[in-house]
Amino acid sequence: MKHLPLRVDPITSRRMSLIRQAGTTPELRVRALLTALGARYRISNRDLEGSPDLANRSRKWAIFVHGCFWHRHPACKRATTPKRNRRFWLEKFEANVRRDHRARTSLVRLGLHVVTVWECESERPDFDLLLAKRLNLGQTWSGGRKGGAVAERSTSKRRPEDARPRSAR
Ligand SMILES: [Zn+2]
């Protein structure tokens, strides 16, 4: 298996984790795993809502690799809120979460199995197992049993956005 430069110094690693772009460390880890598993995928899927980081249209799955801070990983200690300009941050975070939800809902409607991978999860030693489990391997792309991996479909109900309190300007 070829080696990817997965180890970087802590400062660089932190800086990278704050920037969501192709090629961040968590995404490289996911890519390396998928490759090792023989899964084929495309990156930067701009034609799909939310531009999932990795997707395979014919196998009908999409993966978002999310930074815990920007995308508000629930109950994660990295999902902190800066004390300064608190309101600005809260609004920004809320918009991000809403956008993520909308993207997921839209892709699930297209029949895609949508998987979210969090930055902190990608650093766990058992990440490969976790990812394989979440991708429902063996159903999603090995046997081509389409529709076998859509367990998340029913749980993702649309949240009426208008019901959410709008912050006053
Ligand atoms: Zn996290």
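The following refers to the structure shown. (Residues numbered from 1 in each chain as written. Predicted model: local features only at pLDDT ≥ 70, side-chain atom pairs only at ≥ 80, totals over all residues.)

### Remarks on the overall build of the protein
Then, number 1: The helix and strand tally for the protein stands at five helices and four strands.
Then, number 2: Of the regular secondary structure in the protein, the N- to C-terminal order runs α-α-β-β-β-α-α-β-α.
Then, number 3: Within the span of the protein, comprising 169 residues, buried residues form 22% of the whole.
Then, number 4: Considering only contacts in the protein between residues 6 or more positions apart, those separated by 24 or more positions represent 57%. (Helix = DSSP H or I, 4+ residues; strand = E, 2+ residues; numbered from the N terminus. Buried ≥ 20, exposed ≤ 12 C-beta atoms within 10 Å, placed from the backbone. Contact = placed C-beta atoms within 7 Å.)

### Points about the sheet that holds strand β4 (residues 113-118)
Backbone hydrogen bonds hold the strands of a sheet together, and the pairing may be parallel or antiparallel.
Then, number 1: The strand order β1-β2-β3-β4 describes an open sheet built from four strands, whose pairing is mixed. In this open sheet, the two edge strands, each paired with only one partner strand, are β1 (42-43) and β4.
Then, number 2: Summarising the sheet, strand β3 (residues 61-66) and β4 pair through six bridges and their orientation is parallel. The residue of β4 that forms the bridge with V65 is V117.
Then, number 3: Sheet contacts for helix α2 (residues 25-36): β2 (54-56), β3 and β4; angle to β3, the most-contacted strand, approximately 150 degrees. (Pairing = 2+ DSSP bridges. Axes fitted to C-alpha atoms, helices over the stretch in contact; angles between N-to-C directions.)

### With respect to the environment of H71
Then, number 1: With respect to the secondary-structure elements, H71 resides in helix α3 (residues 68-71).
Then, number 2: Considered as a pair, H71 and K92 are 21 residues apart in the sequence and their alpha carbons are 9.8 Å apart.
Then, number 3: Once you skip the residues sitting within four places of it in the chain, H71 turns out to touch H66, N96, V97 and D100.

### Here's the deal with the nonpolar core
Then, number 1: Grouped together as the largest cluster of nonpolar side chains are 17 residues, with contacts concentrated most on V30, A55, W61, A62, I63, V115 and V117.
Then, number 2: If you list the elements that add at least two residues to this core, you get β2, β3 and β4.
Then, number 3: For this core, the element with the highest residue contribution is β3, accounting for five residues.
Then, number 4: With near-sequence residues (within four places) excluded, I63 lies in contact with V30, P52, D53, L54, A55, V115 and V117. (Core = buried A, V, L, I, M, F, W, Y, C linked by C-beta atoms within 7 Å.)

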